[in-house]
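# Analysis of the macromolecular model
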Amino acid sequence: MMTQLSLIIPSYNECDNLGLLESKLSAGFHDKANIEIIIVDNGSTDATPETLETLLKHTTLKTLRSIRVEQNQGYGYGILAGCRAAKGDVIAWTHADLQTDPSDILNALKLYNHQKSNHVFVKGKRKKRPFLDTWFTIGMQWYASWLLKQSLSDINAQPKLFSRDFYDRFLTQNAPHDFSLDLYTYYCAKRYGYKILEVPVEFTDRLHGEAKGGGSFKTKFKLIKRTFAYIHSLAGQLKQTEK
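In this report, the structure presented in the accompanying data block is examined. Note that the structure is predicted; figures quoted are calculated from it, not measured.

### Considerations on the nonpolar core
Counting 39 residues, the largest nonpolar core has W93, L148 and L171 as the members making the most contacts within it. At the level of elements, strand 2 (35–42), helix 3 (75–85), strand 4 (90–93), helix 5 (131–148), helix 6 (164–170), helix 7 (181–191) and helix 8 (217–242) are the ones that each hand at least two residues to this core. The element best represented in this core is helix 7, accounting for 7 residues. Those residues within four positions of L171 in sequence are excluded, and the remaining contacts are L80, W93, F162, F166, L181, Y184 and T185.

### Things to note about the side chain of E22
For E22, the position within the fold is in helix 1 (residues 15–29). No salt bridge forms around the buried E22; measuring N to O, its nearest opposite-charge neighbour K24 is 12 Å away. One polar contact links E22 to S26, side chain to side chain, over a distance of 2.6 Å. Once residues lying within four places of it in the same chain are set aside, the contact partners of E22 are L55, T59, T60 and L64.

### A closer look at helix 1
The end-to-end C-alpha distance of helix 1, which contains 15 residues, comes to 21 Å, matching closely the 21 Å that a straight helix rising 1.5 Å per residue would cover. All of the buried residues in helix 1 are C15, N17, L18, L21, E22, L25, S26, G28 and F29. Turning to helix 1, the residues buried within the fold contact strand 1 (5–11), strand 2, helix 2 (48–58), strand 3 (64–69) and helix 4 (104–114).

### A closer look at the pairing of strand 3
As paired strands, strand 2 and strand 3 are joined by 6 bridges and run parallel to one another. Bridge pairing in strand 3 links D41 to R68. Tracing the backbone out of strand 2, into helix 2 and back to the parallel element strand 3 gives a crossover that is right-handed.

### A few points about the sheet that holds strand 2
In spatial order, the strands read 3-2-1-4-6-5-7; together these 7 strands make up an open sheet with mixed pairing. What marks the edges here is a single partner per strand, and that holds for strand 3 and strand 7 (195–202). With direction set aside, neighbouring strand axes in the sheet form an average angle of 20°. The sheet contact formed by strand 4 and strand 6 (residues 160–163) spans 4 bridges and is antiparallel. Looking at the pairing, W93 lines up with K160 of strand 6.

### So, helix 7
When you tally the buried positions in helix 7, you get 9 out of 11 residues, the bulk of the element. The complete set of buried residues in helix 7 reads L181, D182, L183, Y184, T185, Y186, Y187, C188 and A189. Just downstream of helix 7 lies G193, where phi reads positive at about 80°.

### Concerning unusual backbone geometry
Cis peptide bonds are those with omega within 30 degrees of zero, and the linkage from Q158 to P159 qualifies with 0°. Along the chain, the position of P159 falls in the loop between helix 5 and strand 6. With phi around 55°, N13 is a residue other than glycine that occupies positive phi space. By relative accessible area, which is 25% here, N13 ends up partly exposed. With phi around 45°, D154 is a residue other than glycine that occupies positive phi space.

Rules used throughout
Residues numbered from 1 in each chain as written. Predicted model: local features only at pLDDT ≥ 70, side-chain atom pairs only at ≥ 80, totals over all residues. Heavy atoms only, no water. Core = buried A, V, L, I, M, F, W, Y, C linked by side-chain atoms within 4.5 Å. Buried < 20%, exposed > 50% of the residue type's maximum accessible area, 1.4 Å probe, protein only. Helix = DSSP H or I, 4+ residues; strand = E, 2+ residues; numbered from the N terminus. Contact = heavy atoms within 4.5 Å. Lys, Arg positive; Asp, Glu negative; His and termini not counted. Salt bridge = Lys/Arg side-chain N within 4 Å of Asp/Glu carboxyl O. Polar contact = N/O pair within 3.5 Å; in protein donor to acceptor, adjacent residues only side chain to side chain. Expected span 1.5 Å × (residues − 1). Pairing = 2+ DSSP bridges. Right-handed = clockwise from strand over helix to strand, strands pointing away. Axes fitted to C-alpha atoms, helices over the stretch in contact; angles between N-to-C directions.

As structure tokens, this is what we get:
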């Protein structure tokens, strides 16, 4: 059977979450032979490599595999490494931290398939988020929408799902290697007229570890600075193309 969907799950120092992740994947995707799942060990320095090796030996999920990025070069770099290894006609990604359920991708795929077109981009829409996180998200999406001249909402929500044609067109050359990848991907879909569909997802607390793009105020502040710098960079590129 041809692989229809490749689901990319980047993992950086998430060894304590991987057992539960494998359990959720096995429960939700055991009968989905046309969906391959690629866990990307994105240069982890904890026990992620050993944990993944053990899980893959014992999992009943035949479509689950992993690849290793030897040195972490950013969140986006890990995702793009998974995309390069993907075999599906449709590509998606979500996170390994289980703050959203990986089975949300099945609802996203249903929305995508219902359109009968590959000119579609599906993204998550998070519910039940902490107030401060919601406030930051609204501020960032307002600023990005104003500067980039596109209406953007819940930019970093997972999952993201799109066609291989979209990947070939936008993500093989100029895509950023850090957390800006979500913004860049969404922006490309909006700017070039893809139909944007949203799937509601429940957002829950982490069971283990700290969010790589959040957690402490210091970490959040660094992410904010990088994100706003990238928004300005994209806006500059847009001005150049308009000349």
